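Okay, here's what each chain looks like letter by letter:
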Amino acid sequence: MPSASRFRRLTVAAIATATAVGGSVALSPTLSTNDRAVEDVRQKINDPTAIVPSRAAQESALICASPASPLDILVVGGGATGCGVALDAVTRGLRVGLVEREDFSSGTSSRSTKLIHGGVRYLEKAVFNLDYGQVKLVFHALEERKQVIENAPHLCHALPCMTPCFDLFEVVYYWMGLKMYDLVAGPRLLHFSRYYSSQESLELFPTLAKNGKDRSLRGTVVYYDGQMNDSRLNVGLACTAALAGAAVLNHAEVISFMKDDSNERIIGARIRDNLSGQEFDTYAKIVVNAAGPFCDSVRKMAKKDAQPIICPSSGVHVVLPDYYSPQGMGLIVPKTKDGRVVFMLPWLGRTVAGTTDSNTTLTLLPEPHEDEIQFILDAISDYLSVKVRRTDVLSAWSGIRPLAVDPSAKNTESISRDHVLLEDYPGLVTITGGKWTTYRGMAEDAVNEAIKSGNLCPKNGCLTQNLRLIGGDGWQPSNFTVLAQQYVRMKRTYGGKVVPGVMDTAAAKHLSHAYGTLAERVATIAQDEGLGKRLAHGYPFLEAEVAYCARHEYCESAVDFIARRSRLAFLDTDAAGRALPRVIDILATEHKWDKLRQNQELEKAKDFLETFRSSKNAQFHDGKHDQIPTL
């Protein structure tokens, strides 16, 4: 069955042919500028022969941006919002560059809750506080939630979330609240919420506690939100922007801004390639600051006394074995005994639980504190029949939320999950705050402001609302069967002999969901180059993925792979450590690293993994369960 876009092209072609040949059709085909532009972009992105430009080519494109021929927009920051800005701008026909100090999604965007949510808690605030601003936030988030899932169907899906109720008031309260959430969603609804009895709930979520602490489960209300593989979605944004013509460069840092002598307006930036050490200038008509929690440091490069607008908040998550939660059902408690929200969700074959919300200081590698990890474990233990053990923690990480304060506001009550957009220095537009779900809308607002500030001339309007990311167009959930039936995994033994292996269902499903329609490219490498072995026991990640990501996804370091191209560091810190030598070996072949660079990569990756407080690398005494792990 042809896709909708293909059907439109066939229809237009048929009408055009009939008009040209017989003249019997009175109306000739007329496509709007946006329709033509979106078809052109889709063809670029989905061309089966297309590959992203090399990192060297992208750096060269940035270097070539001169005072006489500047970029239209230079984006600083390669998180969800920054890459969203680059994709939006380049698909409007603008000349775009993007630089990221570390790697795409290396900061907040890879350390999220993994939910694409409409903001059911904001709806509660809106009702009780009669706050229309919160209602608008929910409407916007629900619209964007639907678009994110549709634009990257291989990386996103709907997830049912269960809310336990322990008295009749909670049953009525949560049922009515979630029905209102359904009503507000309207056509953006994923699935209707519904009530389940206590017995039905235990069948759906076997580890849910029926009794405990002088209370009995009266039932649950299940509603739907979205879930994603956040960093792979972010990398997909960067690669899609690159295919559309943007010059995106990771591991490249802005070290200063260049200003026009006559009016002090920013006209470009001095950039350092953190891999080679080379420095170069890039000129642009407007700079968009999308550096997330670090956007204030970028603003202070332009104006030393810039008033801070970021109130950083730490969110800690822990990963537990799969038996803590069933495969297709999450658990969300909107209000624990101390008023916080706690959740437990299935994710990539494991269970992710969280979260905390506390003030923190800015750092490139935030680490979770032991008391925060213990808080999460204590909170979920109140709702589970399974024994919650610190020794079960496979990985624990901290992310910094860039909660934004509007500098024009009179008080701190303006701190929210909504985004802030400002140009407080000529030539520098800052976009910050918000959340993963609304990245696309934030990017659209930022590009609109950049066009206005820089007097830019886009060829068309915003196209990203219905633009599928690389690997998403034409993808179906059944695509994995092609991999399972038509490919084998050729595996190199320790003796160097190459032997065939089965492309099993787990590996095929993983490749299909991680790479979408491009999964066959990875399967081909696994089959033809003897890279079909798994990187870590119990996980579907293949050696072929390391080679593919080095060639086609700007994977420049071992950490890039274990943390962002695959999610092994986040799923199981110990397994990631065991996979490191082979990951580095393959990357060394791809990037021609010498022994010194390989050793440096190993040390950097080990240091990185030390910030993930799994039970293997954290010292603690779990008095609650009388266990002291062997380290």
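This is a predicted model, so every value here is computed, not measured.

Enquirer: Help me understand the pattern of salt bridges, please; the structure alone is not making it clear to me.
Expert: Proximity of charged atoms lets side chains of opposite charge pair with each other. For the structure shown, the criterion picks out 35 salt bridges. A salt bridge links Arg-551 to Glu-529, with the nearest nitrogen and oxygen atoms 2.8 Å apart. Remark: Glu-529 occurs in the loop between α15 (519-528) and α16 (543-552) and Arg-551 occurs in helix α16; sequence separation between them is 22 residues. With relative accessibility at 33%, the residue Arg-551 sits in the partly exposed group. Given the relative accessible area of 32%, Glu-529 is considered partly exposed. Residue Glu-601 is joined to Arg-597 by a salt bridge in which the shortest nitrogen-to-oxygen separation is 3.0 Å. One end of the pair is Glu-601 and the other is Arg-597, both in helix α20 (residues 595-610) and four residues apart, which spans about a single turn. We classify Glu-601 as buried; its relative accessible area is 4%.

Enquirer: Help me understand the state of the cysteines, please; the structure alone is not making it clear to me.
Expert: Note on terminology: a disulfide is the covalent bond linking the sulfur atoms of two cysteines. Tallying each qualifying case throughout the model produces zero disulfides. Lacking any disulfide linkage, Cys-83 is separated from the closest cysteine sulfur, that of Cys-239, by 8.8 Å.

Enquirer: Explain the pairing of strand β6 (residues 219-228) to me, please; I cannot follow it from the model alone.
Expert: The side chains of a regular strand alternate between both faces of the sheet. Buried residues dominate β6, accounting for nine of its 10 residues. Relative to β6, strand β3 (residues 115-116) runs antiparallel, the two being bridged by two bridges. Across the sheet, Leu-115 pairs through a bridge with Gln-227, a residue of β6. Bridging between strand β4 (residues 156-165) and β6 involves 10 bridges; their strand directions are antiparallel. The residue of β6 that forms the bridge with Cys-161 is Tyr-223. Alignment of strand β5 (residues 194-196) against β6, held across three bridges, turns out to be antiparallel. In the strand pairing of β6, Tyr-195 is matched with Val-221.

Enquirer: Please explain helix α12 (residues 439-454) as it appears in this structure.
Expert: Think of an α-helix as turning once every 3.6 residues; residues three or four places apart then point the same way. For α12, spanning 16 residues, the distance from its first C-alpha to its last is 22 Å, which sits close to the expected 22 Å at 1.5 Å a residue. Along α12, the residues classified as buried are Tyr-439, Arg-440, Gly-441, Met-442, Ala-443, Ala-446, Val-447, Ala-450, Ile-451, Ser-453 and Gly-454. Count one or two residues on from α12 and you reach Asn-455, which has phi positive near 50°.

Enquirer: It is not clear to me how the packing of aromatic side chains should be interpreted in this structure. Could you clarify?
Expert: Within the structure shown, the criterion is met by 12 aromatic pairs. A ring pair is formed by Phe-166 and Tyr-383, whose centres lie 5.9 Å apart and whose planes are at 45°; its orientation type is tilted. With Phe-166 in the loop between β4 and α7 (168-185) and Tyr-383 in the loop between α11 (370-381) and β16 (395-404), this pair connects stretches of sequence that are 217 residues apart. With 5.7 Å between their ring centres and 25° between their planes, Phe-169 and Tyr-173 make a pair best called stacked. With a gap of four residues between them, Phe-169 and Tyr-173 both fall in helix α7, about one helical turn apart. Members of the aromatic cluster, each reached through a chain of ring pairs, are Trp-397, Phe-570, Phe-608 and Phe-612. Just above the ring of Tyr-494 sits the side chain of Lys-533; from NZ or CZ to the centre is 4.7 Å.

Enquirer: Would you mind showing me how to read the side chain of Ser-512 here?
Expert: Turning to its location among the elements, Ser-512 is positioned in helix α14 (residues 505-515). Taking relative accessible area as the criterion, Ser-512 reaches 2% and is therefore assigned buried. Not counting residues up to four positions away in its chain, the partners in contact with Ser-512 are His-154, Trp-475, Asn-479, Phe-480, Leu-483 and Ala-519.

Enquirer: Would you mind going over unusual backbone geometry with me for this structure?
Expert: In terms of backbone geometry, most residues other than glycine have negative phi values and most peptide bonds are trans. Cis geometry marks the peptide bond from Gly-354 to Thr-355; its omega dihedral reads 0°. Looking at the secondary structure, you find Thr-355 in the loop between β14 (350-354) and β15 (358-359). The residue Tyr-554 is not glycine, and still its phi comes out positive at about 55°. For Tyr-554, the location among the structural elements is in the loop between α16 and α17 (558-565).

Enquirer: Got a minute to help me understand the nonpolar core in this structure?
Expert: Soluble, globular proteins show a tendency: their nonpolar side chains are buried together. If you look at the biggest cluster of nonpolar residues, it comprises 132 residues, and the most contacted ones within it are Ile-73, Cys-156, Leu-233, Tyr-515 and Val-583. Not counting chain neighbours up to four residues away, the residues in contact with Leu-233 comprise Val-148, Ala-152, Leu-155, Cys-156, Met-228, Trp-436 and Leu-469.

Enquirer: Which parts of the structure should I look at to understand the side chain of Ser-395?
Expert: With respect to the helices and strands, the residue Ser-395 is situated in strand β16. Taking relative accessible area as the criterion, Ser-395 reaches 0% and is therefore assigned buried. Ignoring anything within four residues of it in the chain, the contact list for Ser-395 reads His-317, Val-318, Val-319, Ala-569, Phe-570, Leu-571, Asp-572, Thr-573, Phe-612 and Ser-614.

Enquirer: I tried to follow a nonpolar patch on the surface on my own but got confused; where do I start?
Expert: On the surface, a cluster of nonpolar side chains totalling about 380 Å² of accessible area is made up of Val-172, Trp-175, Met-176 and Tyr-195. The greatest single-element share of the nonpolar patch, amounting to three residues, is contributed by α7. Its place among the elements puts Met-176 in helix α7.

Parameters at a glance
Residues numbered from 1 in each chain as written. Predicted model: local features only at pLDDT ≥ 70, side-chain atom pairs only at ≥ 80, totals over all residues. Heavy atoms only, no water. Salt bridge = Lys/Arg side-chain N within 4 Å of Asp/Glu carboxyl O. Helix = DSSP H or I, 4+ residues; strand = E, 2+ residues; numbered from the N terminus. Buried < 20%, exposed > 50% of the residue type's maximum accessible area, 1.4 Å probe, protein only. Disulfide = S-S within 2.5 Å. Pairing = 2+ DSSP bridges. Expected span 1.5 Å × (residues − 1). Phe/Tyr/Trp six-rings, centres within 6.5 Å; stacked < 30°, edge-to-face > 60°. Lys NZ or Arg CZ within 6 Å of the ring centre and 35° of its normal. Contact = heavy atoms within 4.5 Å. Core = buried A, V, L, I, M, F, W, Y, C linked by side-chain atoms within 4.5 Å. Patch = residues over 30% accessible without salt bridge, like charges linked within 9 Å, V, L, I, M, F, W, Y side chains within 5 Å. Areas by Shrake-Rupley, 256 points an atom, 1.4 Å probe, with all protein chains shown as cover.

Interpretation note: all reported values are geometric properties and have no functional meaning in isolation.
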